[in-house]
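Here are the chains, one letter per residue:
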Amino acid sequence: SQQGEEDPQALSIQEGENATMNCSYKTSINNLQWYRQNSGRGLVHLILIRSNEREKHSGRLRVTLDTSKKSSSLLITASRAADTASYFCATLGAGSYQLTFGKGTKLSVIP
Amino acid sequence: DTGVSQDPRHKITKRGQNVTFRCDPISEHNRLYWYRQTLGQGPEFLTYFQNEAQLEKSRLLSDRFSAERPKGSFSTLEIQRTEQGDSAMYLCASTYLQGGREQYFGPGTRLTVT
């Protein structure tokens, strides 16, 4: 079963624009993580935000977390063609050992 | 650090055959996870090991699926009597027990059952 739901399912933007993806989840979490997957490849960890954090930055990435709304957003600034990939949020439940992934957002950055 | 490796990268098999996939985690990592990913979906957790102990296997999709990690290093995932519905990407990931819980994924094994 999948807990997270990303929105939108697909996003197409021009190079240089910002891309925002949202994730909603259902149960209490220890942390929330974002991963990127290039077509047909494994996943690459991007950023982790703990349940007691509200915002985190890493390079061109900005993640926010609102535990009261059980939602998170991933912002990619100044997008590049190389950012074209699927982006997944994954939650680690409180007291859990496993990540639960959403269905992902497919991002296309047009040069 | 060579990362997580998986072998083979692609496997085509006929329905009813058995297949086995191998995962070599990052050497210092003591937790190893298996996931299945179908087209258009996120990875779905199957099972995980802490060292050689399999601590969760209830999510394995059926009794045709089994996994081992005999010496706490590499792991194998076996599917017996494959069915067309088993066609998917099988992903392995590893992490530190005491780490930030971010997982490091291998490139996956794509299984096609004909």
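Below is a summary of the structure that appears in this document. (Residues numbered from 1 in each chain as written. Chains lettered and ligands numbered in written order. Predicted model: local features only at pLDDT ≥ 70, side-chain atom pairs only at ≥ 80, totals over all residues. Heavy atoms only, no water.)

Considering the interface of chain A and chain B
Line of reasoning, step 1. Counting from both sides, the interface comprises 22 residues of chain A and, opposite them, 23 residues of chain B.
Line of reasoning, step 2. Note on chain A versus chain B: buried area summed over both sides is about 1,700 Å², and carbon and sulfur give 49% of it.
Line of reasoning, step 3. The largest per-residue losses of area from chain A upon contact with chain B belong to Leu43, Tyr97 and Gln98 of chain A, which jointly make up 31% of the total buried on that side.
Line of reasoning, step 4. On the surface where chain A and chain B come into contact, there are 0 salt bridges.
Line of reasoning, step 5. Counting the contacts that link chain A with chain B gives 3 residue pairs in polar contact (both at pLDDT 80 or more).
Line of reasoning, step 6. Looking at the side of chain A that touches chain B, the elements with two or more residues in it are β4 (29-37), β5 (43-50), β9 (85-93) and β10 (99-101) of chain A.
Line of reasoning, step 7. In terms of residue class, the side of chain A that touches chain B is built from 8 nonpolar, 11 polar and 3 charged. (Contact = heavy atoms within 4.5 Å. Buried area = accessible area lost by both parts, 1.4 Å probe. Salt bridge = Lys/Arg side-chain N within 4 Å of Asp/Glu carboxyl O. Polar contact = N/O pair within 3.5 Å; in protein donor to acceptor, adjacent residues only side chain to side chain. Helix = DSSP H or I, 4+ residues; strand = E, 2+ residues; numbered from the N terminus. Nonpolar A, V, L, I, M, F, W, Y, C, P; charged D, E, K, R; others polar.)

Remarks on the pattern of salt bridges
Line of reasoning, step 1. In the structure shown here, the tally under the stated rule is 7 salt bridges over all chains.
Line of reasoning, step 2. Its salt-bridge partner being Glu55 of chain A, residue Arg62 of chain A comes within 3.2 Å of it at the nearest N-O pair.
Line of reasoning, step 3. Overall, Arg62 of chain A belongs to the partly exposed group, its relative accessible area being 31%.
Line of reasoning, step 4. Assessed through its relative accessible area of 40%, Glu55 of chain A is described here as partly exposed.
Line of reasoning, step 5. Glu83 of chain B is the salt-bridge partner of Arg64 of chain B, the closest N and O atoms lying 3.4 Å from each other. With Arg64 of chain B in the loop between β6 (53-56) and β7 (65-68) and Glu83 of chain B in the loop between β8 (75-79) and β9 (88-95), the pair connects residues that are 19 residues apart, well separated along the chain.
Line of reasoning, step 6. The class of Arg64 of chain B is buried, set by a relative accessible area of 8%.
Line of reasoning, step 7. The partly exposed category is assigned to Glu83 of chain B, whose relative accessible area is 40%.
Line of reasoning, step 8. Look at the salt bridges and you will find they share partners, linking Arg64, Glu83 and Asp86 of chain B into a network. (Buried < 20%, exposed > 50% of the residue type's maximum accessible area, 1.4 Å probe, protein only.)

Observations concerning the environment of Trp34 of chain B
Residues and elements named next belong to chain B.
Line of reasoning, step 1. In this fold, Trp34 is placed in strand β4 (residues 31-37).
Line of reasoning, step 2. For the pair Trp34 and Ala88, spaced 54 residues apart in the sequence, the C-alpha separation amounts to 13 Å.
Line of reasoning, step 3. In this structure the side chain of Trp34 is engaged in a polar contact, spanning 2.9 Å, whose partner is the side chain of Ser75.

Some points on the state of the cysteines
All names here are of chain A.
Line of reasoning, step 1. Under the definition given, this model contains 2 disulfides over all chains.
Line of reasoning, step 2. What pairs with Cys23 in a disulfide is Cys89, and their sulfur atoms sit 2.0 Å apart. In this structure, the disulfide formed by Cys23 and Cys89 twists by about 65° around the S-S bond and is classed as right-handed. Placement of Cys23 in strand β3 (residues 19-24) and of Cys89 in strand β9 is noted, with a sequence separation of 66 residues between them. (Disulfide = S-S within 2.5 Å.)

Examining the sheet that holds strand β3 (residues 19-24) of chain B
Residue and element names in this part refer to chain B.
Line of reasoning, step 1. Across the sheet, which stays open at both edges, the 4 strands sit in the order β1-β3-β8-β7 with antiparallel pairing between neighbours. Lying at the two open borders of the sheet, with one neighbouring strand each, are β1 (5-7) and β7. Here the strands of the sheet are splayed against their neighbours by 15° on average, with no regard to which way each runs.
Line of reasoning, step 2. Of the pairings in the sheet, the one linking β7 to β8 comprises 4 bridges and is antiparallel in character. (Pairing = 2+ DSSP bridges. Axes fitted to C-alpha atoms, helices over the stretch in contact; angles between N-to-C directions.)

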